[in-house]
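# Fold and contact review
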Amino acid sequence: MYYHIQMQEVLSEMEKLYQEEHIPGRKEILEETKEVITASMLFEENILPDLPCSDEGLFAMSQHYRNSLESLNLMLRHMTEIVEIDTNQK
């Protein structure tokens, strides 16, 4: 649940940046974001149910969500940089 909340917060920030005005590159980053979300959903549907209830299973689950969240945060930083560059050029 924690990772879902964190991911939704990042996605919300990305959507706000995307709606401000069209800047090249933002659409592509949002498309990549969808791929991360899809991979996360597939993990939850296909892999998570079969993970053992053990330290190793918890580690695998945590690593997956941590990597997904890290990817989303990286994309958010890129979007923010694009907006800052565009703002500074005006």
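Just above, that's the structure.
Residues numbered from 1 in each chain as written. Predicted model: local features only at pLDDT ≥ 70, side-chain atom pairs only at ≥ 80, totals over all residues. Heavy atoms only, no water.

### Things to note about the packing of aromatic side chains
Following the criterion strictly, the structure yields three aromatic pairs and no others. Considering the side-chain rings of Tyr2 and Tyr3, the 5.3 Å spacing of their centres and the 70 degrees angle between planes classify their relative orientation as edge-to-face. Judged by relative accessible area, which is 54%, Tyr2 ranks as exposed. With a centroid separation of 5.5 Å and 15 degrees between ring planes, the pair formed by Tyr3 and Tyr65 is classed as stacked. Taken together, the residues Tyr3 in helix 1 (residues 2–20) and Tyr65 in helix 3 (residues 55–89) connect sequence positions 62 residues apart. Residue Tyr3 shares its accessibility class with Tyr65, and that shared class is buried. Each residue in the set Tyr2, Tyr3, Phe43 and Tyr65 is aromatic and connected to the rest through ring pairs, giving one cluster. (Phe/Tyr/Trp six-rings, centres within 6.5 Å; stacked < 30°, edge-to-face > 60°. Buried < 20%, exposed > 50% of the residue type's maximum accessible area, 1.4 Å probe, protein only. Helix = DSSP H or I, 4+ residues; strand = E, 2+ residues; numbered from the N terminus.)

### Some details on helix 3
Compared with the 51 Å implied by 1.5 Å per residue over 35 residues, the 50 Å span of helix 3 between its first and last C-alpha is a close match. Of the residues making up helix 3, those classed as buried are Gly57, His64, Tyr65, Ser68, Leu69, Leu72, Met75, Leu76, Met79, Ile82, Val83 and Asp86. (Expected span 1.5 Å × (residues − 1).)

### Section: the packing of helix 2 (residues 26–47) against helix 3
Viewed as axis vectors pointing N to C, helix 2 and helix 3 meet at an angle of 170 degrees, and their least axial separation amounts to 10 Å. Judged by the angle between their axes, helix 2 and helix 3 are roughly antiparallel. Along the contact surface, helix 2 presents Arg26, Ile29, Leu30, Glu32, Thr33, Val36, Ile37, Ala39, Ser40, Phe43 and Glu44, while helix 3 presents Ala60, Met61, His64, Tyr65, Ser68, Ser71, Leu72, Met75, His78, Met79, Ile82 and Val83. Tallied by class, the residues present in the contact of helix 2 with helix 3 amount to 14 nonpolar, six polar and three charged. (Axes fitted to C-alpha atoms, helices over the stretch in contact; angles between N-to-C directions. Parallel < 35°, antiparallel > 145°, perpendicular 65-115°, else oblique. Contact = heavy atoms within 4.5 Å. Nonpolar A, V, L, I, M, F, W, Y, C, P; charged D, E, K, R; others polar.)

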